[in-house]
Amino acid sequence: MRKVLSVIVENEHGVLARIVNLFAGRGYNIESLTVAPIPESDYSRMTIVTEGDPKIFEQIAKQLNKLIPVYKVLESDNFIEKEMAMVKFPIDNSLADIDALARCYNGSISNVSEDFIVVTVLDRAARIDNFLKGIKKYNPIEIVRSGVSVIDR
């Protein structure tokens, strides 16, 4: 089972390590982790995506709530999820084809140089996976993914 947690934490050193260790101690891999400060506050938002048993998630959520730097743990099936991917292609590919494919995934060409085309797409993680499958024939040179960000509906 896939689970997304949005954890509001105090913006201080060591918090990330404590939370990651909580997952590691239970034998769970974090598939995606995004952390950023919340504007005009002393807090940061951590978005954690993992897979596993629902009972373990319940235990992890309870233990997260007990950690001192954790302000709030949000669990929801009603999050709006987005992830960004940037892909670098050789310039000898068709700009029109790559641009058309990127637009299907809320993306566009973000940079063109003498040697490379860089495309940025923004969509749900599953759709980013589909985009990355679809671009293989264009021989991408480099792929960078941001990790999932969420907000409650």
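Remember, predicted model here, so these are calculated numbers, not experimental data.

Remarks on the packing of aromatic side chains
Working step 1: A full pass over the atoms with the stated rule returns four aromatic pairs.
Working step 2: Here the aromatic rings of Tyr28 and Phe57 are separated by 5.9 Å at their centres, their planes lie at 40°, and the arrangement is tilted. Highlighted residues: Tyr28 in the loop between helix 1 (15-25) and strand 2 (30-37) and Phe57 in helix 2 (residues 54-66), separated in sequence by 29 residues.
Working step 3: For Tyr28, a relative accessible area of 17% translates into the label buried.
Working step 4: For the cation-ring pair, Lys88 lies above Phe116, with the distance from its terminal atom to the ring centre recorded as 4.7 Å.

Thoughts on the sheet that holds strand 3 (residues 43-51)
Working step 1: The sheet built from four strands is open, its strands ordered 2-3-1-4 with antiparallel pairing. With one partner strand each, in any of the chains shown, strand 2 and strand 4 (70-75) form the two edges of the open sheet. On average, each strand axis in the sheet is tilted by 15° relative to the strand beside it, whichever way the strands run.
Working step 2: Bridge count between strand 1 (residues 2-10) and strand 4: five bridges; the pairing is antiparallel. What sits directly across from Leu5, in strand 4, is Glu75.
Working step 3: Along the sheet, helix 2 contacts strand 1, strand 3 and strand 4; its crossing angle with strand 4, the most-contacted strand, is approximately 155°.

Rules of the game
- Residues numbered from 1 in each chain as written.
- Predicted model: local features only at pLDDT ≥ 70, side-chain atom pairs only at ≥ 80, totals over all residues.
- Heavy atoms only, no water.
- Phe/Tyr/Trp six-rings, centres within 6.5 Å; stacked < 30°, edge-to-face > 60°.
- Helix = DSSP H or I, 4+ residues; strand = E, 2+ residues; numbered from the N terminus.
- Buried < 20%, exposed > 50% of the residue type's maximum accessible area, 1.4 Å probe, protein only.
- Lys NZ or Arg CZ within 6 Å of the ring centre and 35° of its normal.
- Pairing = 2+ DSSP bridges.
- Axes fitted to C-alpha atoms, helices over the stretch in contact; angles between N-to-C directions.
- Contact = heavy atoms within 4.5 Å.

Distances and angles like these do not, on their own, reveal function.
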